[in-house]
Each structure stands twice: as C-alpha cells, then as structure tokens.
Amino acid sequence: MAENFTGNFTQQEPIPEEAIARAVEVMRSGRLHRYNTLPGEAGEVALLEEEFAEFTGARYCLAVASGGYAMGCALRALGVQPGDAVLTNAFTLAPVPGAIASAGARPVFVETTEGLTIDLDDLAAKAEQARVLMLSHMRGHICDMDRLMEIAQAHDLSVVEDCAHTMGASWAGVPSGRHGAIGCYSTQTYKHMNSGEGGLIVTDDAELAAKMVILSGSYMLYERHRAAPGPEAFQRVKYDMPNVSGRMDNLRAAILRPQLPTLRDRIARWNALYRAMETGLEGTEGLALIARPQAEGYVGSSFQLRLPGRDGAAITDLVARCAARGVELKWFGAPEPAGFTSRHDSWRYAGRQDLPKTDEVLATLLDLRLPLSFSEADVAQIARIIRQEVLA
Ligand SMILES: *Cc1c(COP(=O)(O)O)cnc(C)c1O
C-alpha cells in the first residue's frame, strides 16, 4: 500500500494563549478603535507599531488593515497618480498589481528568473518607463538587492518592497523591507504573523511616514502615534493628503504583539521544515530545486520546485496523483486562475504584456505551503510522495 499524507496544508498554528487573553481584555474595554484611548494610554496599535519599528530597525511604522492596503498607501504617499506606470514583478500574487490599480496606476511587469526573483536585466531595460518599482519578494525569494538598488538609483526609481513573504528575512544581513524607501508586510492568516487580516508599513522618511499616517485615516489624531514623526512633519502634509481609511484596530494589534517576540523561533522551525523538504527531494531526476543565494536569509514558509521539460498534461497528471495521496501542489502554469493562484495574463485590467521568460518559468513551477502545524516527519513524508510520483 502506498502511503498517504493526511495533514492539512492550510492549517496554521493556534493564536497563542497570551494573545487571546489580551484580545479578550481589549474587547472587555470596548475601546477597539486605535484612537479610542484613555488619557496617557498608548493603545495596542501604537505599541505594535513601536515594537515592529524596533524589530526591523526602521524609524517609523504604521499598522493598517491589510498588506494590499499597505502597498496602495505607499504608492499614494510616493505621489503615484492615475495613469502612471508602476514597475512590478510579473511573478507575484494578485494583491500586488491590485494595489497598483487601486491608485489608478498601470502595472508594468518585469520578467522572472529561474530563481523566481525579478529579472534585473529586464528591470534595467524597463526602468525608464516608471518612477516607482513595487518589488515583490514573491514566495520569499530575494533578488540581489545590492544590484537592484544600484539600478534603482541610476534610474531614480523609488522602491517599495512587498514583504508579505519575507517578514523576518534579510539580504546580506539587512532586514527585508529596509532596502527601499518603504517596506510593506501582511499579517493575513497565511503570512508570518496571523491576525486574520492586517498590514504593517515601515520607512525612515518622515514626510512619507506622515503622509501614510494621514492617508490611513488618522483624522487629526496623529499625535497619538508613537512610531511616527513629530508634529512638524504633519504640518506640511495634513491639508494635502486624503483620508483613505484603512486603519488597524486594537483587537488585531493585541493578537499580533505577543507573536512578534516568537517570530525568530518560528522562522527557525519553518527553515527546519524547508531543509527537510530539500533533503527529501534532492537528486530526484527531472525535478529542479530553487537555489538559495548565500546572502539571502530566507523564511521557508513555502516551497517551490520546477519540473523542466514536462508539458502541461504531464504536470496536471502529477498534481492529480499527488492530490490523491493528500499532497496539495499548486501549479503556476495552469491556464485558468484557481484558488489563491493567478498570474499576469489573468490580470487583464493591466493589459496584455509579453513575458516569455516568466511564462517559461511558470509553465513548470509547483508550489506548496509548509505550515508550522507540520512536523519534520510530515515534511519528509510529503517529499517521499512527491519524489515517488515524479519518478513514477
Ligand atoms: C498576501 C500577499 C500580499 C498582501 O496580502 P493581503 O492579503 O492584502 O494582506 C501581498 N503580496 C503577496 C506576494 C502576498 O502573497
């Protein structure tokens, strides 16, 4: 009898008891709105911002309603106008081009390497078309950030980093989100901290920070922030920025704060699962693993593999055979968008763009989640099943 995997690929760990207790306290207080504070009281959101700024080493931090909101807010603060082109990765998730579209702007997609990162030659070639790059560290793969920032500086491109999959990751020791002008994170359930929905933004730039605070819906209560610039920064921007409400509330912040000190530990556990998967799949004929550069400090919360040379029918068949044994693989080459997986040609509002290199990579790219509810033994079993089905 062939073995089957019985775990659940979308099952995250429970919210820690300490976080549940704090959430209950917030609910008992009735003060869920971030600015509904007693005299002298900081509020959970302001404290989370202060703690996340410290975690990333950023001067300023703003908590918002979602990762997608964070990205749209960053683009507005940078002055992106309707009709502007914004460069972004062709391989990313729907909320990224969606954030660009939410500002009325036009996504211009940049090609993808076999390492699943943005193609820096294509970026250099397209750099003159835009003032802003929305750089997505899709599935946690980080490109050569030193070279990327050189290209950005040479072409006067402002960089916003989408760190939905790189919270806690780094490049050459610099935290992900700290290379560009603005770093955006998501605390949606499938990311590295879980508040159901939520987003965090970091920057060192006082003017951008003040603009984003007003945009997020601070009314004139911005002095209640702790990880924000002083009142002089707001004097300059408060009449010009619209209120596009997207605040985080105290309940979500209360759920997140106790998760932050455990993030390092959880990253170590994710990476142990990632290495167990790599070990289990290494040397499988017909299967290519994604190389991880030395300078990349990654968070292995998901795993990607390629099956070079297989056509769509062969991959559809393999995905079905793995699914029958309890192993859920997502295929980025599928012609129709399904579940969480869609790709550039299904974002038709962006207009058709010719991306042959990305299409070639996505045609044989498979993806799976590694939730922390899995053990290393679970992962070893998943790897055995994939290996057997690839070789079958
Ligand atoms: C999840 C995700 C986001 C933003 O997510 P929200 O669901 O809006 O919080 C952004 N980029 C990528 C690559 C993502 O996977």
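Cut-off values and rules
- Residues numbered from 1 in each chain as written.
- Predicted model: local features only at pLDDT ≥ 70, side-chain atom pairs only at ≥ 80, totals over all residues.
- Heavy atoms only, no water.
- UniProt positions renumbered as here; feature names shortened; annotations may be inferred.
- Near = heavy atom within 4 Å.
- Polar contact = N/O pair within 3.5 Å; in protein donor to acceptor, adjacent residues only side chain to side chain.
- Areas by Shrake-Rupley, 256 points an atom, 1.4 Å probe, with all protein chains shown as cover.
- Salt bridge = Lys/Arg side-chain N within 4 Å of Asp/Glu carboxyl O.
- Helix = DSSP H or I, 4+ residues; strand = E, 2+ residues; numbered from the N terminus.
- Buried < 20%, exposed > 50% of the residue type's maximum accessible area, 1.4 Å probe, protein only.
- 1 Å grid on protein atoms, 1.4 Å probe; cavity = no way out; pocket = protein on both sides within 12 Å on 5 of 7 lines; lining within 4 Å.
- Points joined across faces, edges and corners; volume = space filled by probe spheres on them.
- Nonpolar A, V, L, I, M, F, W, Y, C, P; charged D, E, K, R; others polar.
- Domains from an automatic or database assignment.
- Contact = heavy atoms within 4.5 Å.
- Pairing = 2+ DSSP bridges.
- Axes fitted to C-alpha atoms, helices over the stretch in contact; angles between N-to-C directions.
- Phe/Tyr/Trp six-rings, centres within 6.5 Å; stacked < 30°, edge-to-face > 60°.

- For the protein, an unreviewed UniProt entry supplies the name DegT/DnrJ/EryC1/StrS family aminotransferase and the organism Thioclava atlantica.
- The Sequence similarities (unreviewed entry) field of the UniProt record for the protein holds the comment "Belongs to the DegT/DnrJ/EryC1 family."

## With respect to the site of the ligand
Piece 1. In the vicinity of the ligand there are 16 residues, among which Gly 67, Gly 68, His 165, Ser 186 and Lys 191 approach most closely.
Piece 2. Contact distances for the ligand include 2.8 Å between a nitrogen atom and a side-chain N or O atom of Asp 162.
Piece 3. The side chain of Lys 191 places a nitrogen or oxygen atom 2.9 Å from an oxygen atom of the ligand.
Piece 4. Considered on its own, the ligand offers 380 Å² of accessible surface; in the complex 92% of this is hidden by protein.

## Observations regarding the pattern of salt bridges
Piece 1. Scanning all chains against the criterion turns up 23 salt bridges.
Piece 2. The partner of Asp 367 in a salt bridge is Arg 139, and the shortest N-O contact between them spans 2.7 Å. A residue pair is termed long-range when its members are at least 10 positions apart, and Asp 367 in strand 14 (residues 365-369) and Arg 139 in the loop between strand 4 (132-136) and helix 6 (145-154) qualify at 228 residues. Across the pair, exposure class does not vary: Asp 367 and Arg 139 are buried alike.
Piece 3. Through salt bridges with shared partners, one network takes in Glu 18, Arg 22, Glu 44, Glu 51 and Arg 257.

## Some thoughts on empty space enclosed by the protein
Piece 1. If you walk through the whole model with that rule in mind, you get 4 cavities of 30 Å³ or more.
Piece 2. In this structure, the largest cavity spans a volume of roughly 90 Å³.
Piece 3. Along the walls of the largest cavity sit Phe 9, Thr 10, Arg 139, Glu 328, Lys 330, Phe 340, Thr 341, Asp 367, Leu 368 and Arg 369, which together make up its complete lining.
Piece 4. Among the residues making up the lining of the largest cavity, the classes are represented as 3 nonpolar, 2 polar and 5 charged.
Piece 5. Reported here for the second largest cavity is a volume of approximately 50 Å³.
Piece 6. Considering the residues around the second largest cavity, the lining is formed by Tyr 60, Cys 61, Leu 62, Ile 201, Val 202, Thr 203, Ala 209, Met 212, Val 213, Ala 227, Ala 228 and Pro 229.
Piece 7. Among the secondary structure elements, those contributing two or more residues to the lining of the second largest cavity are strand 1 (60-64), strand 9 (199-203) and helix 7 (206-217).
Piece 8. Classifying every residue of the lining of the second largest cavity by side-chain character gives 11 nonpolar, 1 polar and no charged.

## Comments concerning the layout of surface pockets
Piece 1. Within this model, the largest pocket holds a volume of roughly 490 Å³.
Piece 2. Surrounding the largest pocket, 33 residues form its lining, Leu 93, His 165, Gln 188, Tyr 190 and Lys 191 being those nearest its centre.
Piece 3. Listed by contribution, the elements that provide at least two residues to the lining of the largest pocket are helix 3 (67-77), helix 4 (95-102) and strand 8 (182-186).
Piece 4. By residue class, the composition of the lining of the largest pocket is 15 nonpolar, 13 polar and 5 charged.
Piece 5. Looking at the lining of the largest pocket, you find at least three residues from each of domain 1 (17-261) and domain 2 (263-391).

## Points about the side chain of Asn 250
Piece 1. Mapped onto the secondary structure, Asn 250 falls in helix 9 (residues 250-256).
Piece 2. A polar contact is formed between the side chain of Asn 250 and the backbone nitrogen of Glu 44, at a distance of 3.3 Å.
Piece 3. Residues within four places of Asn 250 in sequence aside, it is in contact with Val 26, Arg 31, Leu 32, His 33, Arg 34, Gly 43, Glu 44 and Val 45.

## Focus on unusual backbone geometry
Piece 1. With phi around 70°, Leu 116 is a residue other than glycine that occupies positive phi space.
Piece 2. You can call Leu 116 buried: its relative accessible area is 2%.
Piece 3. The phi dihedral of Tyr 219 is positive, around 50°, even though this residue is not glycine.
Piece 4. A relative accessible area of 45% means that Tyr 219 is categorised as partly exposed.

## What about the sheet that holds strand 12 (residues 302-306)?
Piece 1. Spatially, 4 strands are ordered 10-12-14-13 in an open sheet, and the strand pairing comes out antiparallel. With one partner strand each, in any of the chains shown, strand 10 (288-289) and strand 13 (330-331) form the two edges of the open sheet.
Piece 2. As paired strands, strand 10 and strand 12 are joined by 2 bridges and run antiparallel to one another. Considered in strand 12, the bridge of Leu 289 is made with Leu 305.
Piece 3. With respect to the sheet, helix 10 (residues 263-281) is in contact with strand 10, strand 12 and strand 14, its orientation differing from that of strand 12 by roughly 25°.

## Brief notes about the packing of aromatic side chains
Piece 1. Enumeration over the complete set of coordinates arrives at 11 aromatic pairs.
Piece 2. Summarising the aromatic geometry, the rings of Phe 5 and Phe 9 are spaced 5.6 Å apart at their centres and angled 70° between planes, so their arrangement reads as edge-to-face.
Piece 3. On the basis of relative accessible area, Phe 9 is assigned to the buried category, the value being 2%.
Piece 4. The interplanar angle of 90° and the centroid separation of 5.0 Å between the aromatic rings of Phe 91 and Phe 332 together place this pair among those described as edge-to-face. Here Phe 332 lies in the loop between strand 13 and helix 12 (356-363) and Phe 91 lies in the loop between strand 2 (85-89) and helix 4, a separation of 241 residues in the sequence. When sorted by exposure, Phe 91 lands in the same class as Phe 332, which is buried.
Piece 5. Grouped by ring-pair contacts, the aromatic residues Phe 5, Phe 9 and Phe 374 constitute a single cluster.

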